[in-house]
Amino acid sequence: MIFITAKFRVRPEHADRWPEITADFTRATRAEPGCLWFDWSRSVDEPTEYVLVEAFRDDEAGAAHVQSAHFKAAQQTLPPHLAETPRIVNATIPQDDWALLGEMAVPGQE
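- As recorded in an unreviewed UniProt entry, the protein chain goes by the name Antibiotic biosynthesis monooxygenase, listed as coming from Streptomyces purpurascens.

Below, the structure written as structure tokens:
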């Protein structure tokens, strides 16, 4: 799968509305057949920073995502709300779901 984590620093005046601002893009991306997950989180230390954790089935699904109409629309509508260019980590990894974090295993849960 293609695993992506991106940090978005949002302008302070838009930070509380970021989930609403990205709602259509998020909904459309989650509906893509090759999208495994697409989840936003807000930093507990920096209220203007959101982290996007997303995964796509394979290179084909990733390419379909960046070529989609909703991605192209987001390229136009999201940057005016940002304080800086988002930062990204993008990797292809040989799994198709989250693995268990064995070092913090919950007793009795397998």
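### Concerning the nonpolar core
Next, step 1: In terms of nonpolar packing, the biggest core is built from 19 residues, with Phe8, Val10, Trp18, Phe38, Trp40 and Leu78 touching the most fellow members.
Next, step 2: Elements with a minimum of two residues in this core: strand 1 (2-9), helix 1 (18-21), strand 2 (35-42) and strand 3 (49-56).
Next, step 3: Of all hydrophobic cores here, the second largest spans 5 residues; its members include Met1, Trp37, Val51 and Ala55.

### A short note on the pattern of salt bridges
Next, step 1: For the structure on display, the rule yields 10 salt bridges.
Next, step 2: Its salt-bridge partner being Arg9, residue Glu84 comes within 3.9 Å of it at the nearest N-O pair. With a gap of 75 residues between them, Glu84 in the loop between helix 4 (69-77) and strand 4 (87-92) and Arg9 in strand 1 connect regions that are remote in the sequence.
Next, step 3: The exposure class assigned to Glu84 is partly exposed, which follows from its relative accessible area of 35%.
Next, step 4: Relative accessible area serves as the criterion here: at 23%, Arg9 is assigned to the partly exposed category.
Next, step 5: Within this structure, Arg9, Glu46, Glu49, Glu84 and Arg87 form a network of salt bridges that share partners.

### Considering the packing of helix 2 (residues 23-30) against helix 4
Next, step 1: Closest axis-to-axis distance for the helix 2/helix 4 pair is 9 Å, and the angle between their directions is 155°. In terms of orientation, helix 2 lies roughly antiparallel with respect to helix 4. Crossing of helix 2 over helix 4 shows left-handed handedness. Side by side, helix 2 and helix 4 meet where Phe25, Ala28 and Thr29 of the first sit next to His70, Phe71 and Ala74 of the second.
Next, step 2: When its residues are assigned to classes, the contact of helix 2 with helix 4 shows 4 nonpolar, 2 polar and no charged.

### Structural notes on the pairing of strand 1
Next, step 1: By the alternation rule, side chains of strand 1 split into Ile2, Ile4, Ala6 and Phe8, which are all buried, and Phe3, Thr5, Lys7 and Arg9, of which none is buried.
Next, step 2: Note: strand 1 against strand 3, 8 bridges, orientation antiparallel. Among the inter-strand pairings, Ile2 is bridged to a residue of strand 3, identified as Phe56.
Next, step 3: Bridge count between strand 1 and strand 4: 6 bridges; the pairing is antiparallel. Looking at strand 4, one finds that Ile4 is bridged to Asn90.

Definitions and limits used
Residue numbering note: each chain is counted from 1, following its sequence as written. Local features are withheld for residues below a pLDDT of 70 in this predicted model, meaning they are given only at 70 or higher, and side-chain atom pairs are given and counted only at 80 or more; totals for whole chains, interfaces and linings count all residues. Heavy atoms throughout the structure, all of them, feed into the side-chain values; hydrogens and water do not. Nine residue types can take part in a nonpolar core, namely buried Ala, Val, Leu, Ile, Met, Phe, Trp, Tyr and Cys, and a core is a set of them joined through side-chain atoms within 4.5 Å. Burial status follows relative accessibility: with a 1.4 Å probe on protein chains alone, a residue under 20% of its type maximum counts as buried, one over 50% as exposed, and anything between as partly exposed. Helix numbers and strand numbers start at the N terminus; a helix is a DSSP run of H or I with at least 4 residues, a strand a run of E with at least 2. What counts as a salt bridge is simple: a side-chain nitrogen of Lys or Arg found within 4 Å of a carboxyl oxygen of Asp or Glu. Only the contacting stretch of a helix is used when fitting its axis, a line to C-alpha atoms as for every element, and angles between N-to-C directions run 0 to 180 degrees. For this classification, under 35 degrees means roughly parallel, over 145 means roughly antiparallel, 65 to 115 means roughly perpendicular, and everything else is oblique. Left-handed is the label given to a crossing in which the near helix is rotated counterclockwise from the far helix by less than a right angle, and right-handed is the label when the rotation is clockwise. We call two residues in contact when some of their heavy atoms are within 4.5 Å. When residues are grouped by polarity, Ala, Val, Leu, Ile, Met, Phe, Trp, Tyr, Cys and Pro land in nonpolar, Asp, Glu, Lys and Arg in charged, and all others, Gly among them, in polar. In this scheme, strands are said to pair when DSSP sees at least two bridges between them.

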